[in-house]
Amino acid sequence: MLDKKRISFPSKLFINGAFVDSEEGASLEVVNPHDNSKLVDLSEGRAVDIDKAVTAANAAFPAWAATPAAERGRLLLRLADKLEDHFDEFTELEAIDTGHPIRDTKFLDVPRTIANFRFFGGVADKIDGRQVPVDPGLLNYVTREPIGVVGQIVPWNFPLMFCSWKLGPALAAGNCVVMKPSELVPLTTLRLAEVMNEIGFPAGVVNIVPGYGQTAGQHLAEHPDVQKIAFTGSTTTGKKIVA
């Protein structure tokens, strides 16, 4: 039996290592899809909040990119361990927020999230380049470097697992992130940000800005300081992002 009373629901944006209200004071209502009861009034991220998050990510990028890959990997492994410590909380929060049966969040959503972070934690210090055969007397080699700020847009159906699929590789490679989770199911994403803050991810490396696609999502996709967009969602929206 799920106990909504013993779970606290995040209600703010996560920018530059802190939970903050939206600049324009906007809010959106997050409901339990089981009975449409209100879970929380959540700050709604808009363009100005995306700008703040991108600025924070850009400022954090040089130090994060220079952090030894093994250390980035250790933080991702610590995150996986911390999720195991809070396993019951995340299974219940994901079930309440998404409407997934508790058996699914317990045996699929949360375990796969943990496994994904553990995988990318192990990969972080194994990203290498290659030497390309060329004519005698010449040297041709490839090095792999982080690109900067990655914008990530996550849909409603498996929000926690999508976080690990998108955050894991970007962070392991030394990039910083501004993520816009679905406005329908942002709660485990924000709780994950809180855990990341607790275990020592530097401020600005990960920023979570829930909001609507036509405002926050579009501004993130169009932002000139975002070097890459990782998107999962409808074909129609994907075509707009590419355009």
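See the structure above.
Conventions and cut-offs
Residues numbered from 1 in each chain as written. Predicted model: local features only at pLDDT ≥ 70, side-chain atom pairs only at ≥ 80, totals over all residues. Heavy atoms only, no water. Helix = DSSP H or I, 4+ residues; strand = E, 2+ residues; numbered from the N terminus. Polar contact = N/O pair within 3.5 Å; in protein donor to acceptor, adjacent residues only side chain to side chain. Contact = heavy atoms within 4.5 Å. Buried < 20%, exposed > 50% of the residue type's maximum accessible area, 1.4 Å probe, protein only. Pairing = 2+ DSSP bridges. Right-handed = clockwise from strand over helix to strand, strands pointing away.

A. Representation of the side chain of N207 within the structure. Position of N207 relative to the elements: it lies in strand 9 (residues 206-208). Within the local environment of N207, its side chain forms a polar contact with the backbone oxygen of G204, the two atoms lying 2.9 Å apart. Those residues in contact with N207, other than ones at most four positions away along the chain, are F14, I15, N16, A53, A56, A57, V177, V178 and M179.

B. View of the pairing of strand 8 (residues 176-180). Among the 5 residues that make up strand 8, 5 are buried, leaving the element largely enclosed by the rest of the structure. The alternating pattern of strand 8 places C176, V178 and K180 on one face and V177 and M179 on the opposite face, and all of these are buried. Bridge count for strand 7 (residues 149-153) against strand 8 is 5 bridges, and the pairing is parallel. Residue pairing across strands places V150 opposite V177, the latter belonging to strand 8. Each parallel crossover has a hand, and the one from strand 7 via helix 5 (residues 159-172) to strand 8 is right-handed. Pairing of strand 8 with strand 9 involves 3 bridges; the strand directions are parallel. Bridging from a neighbouring strand, M179 pairs with I208 of strand 9. For the crossover from strand 8 across helix 6 (residues 187-199) to strand 9, the handedness is right-handed.

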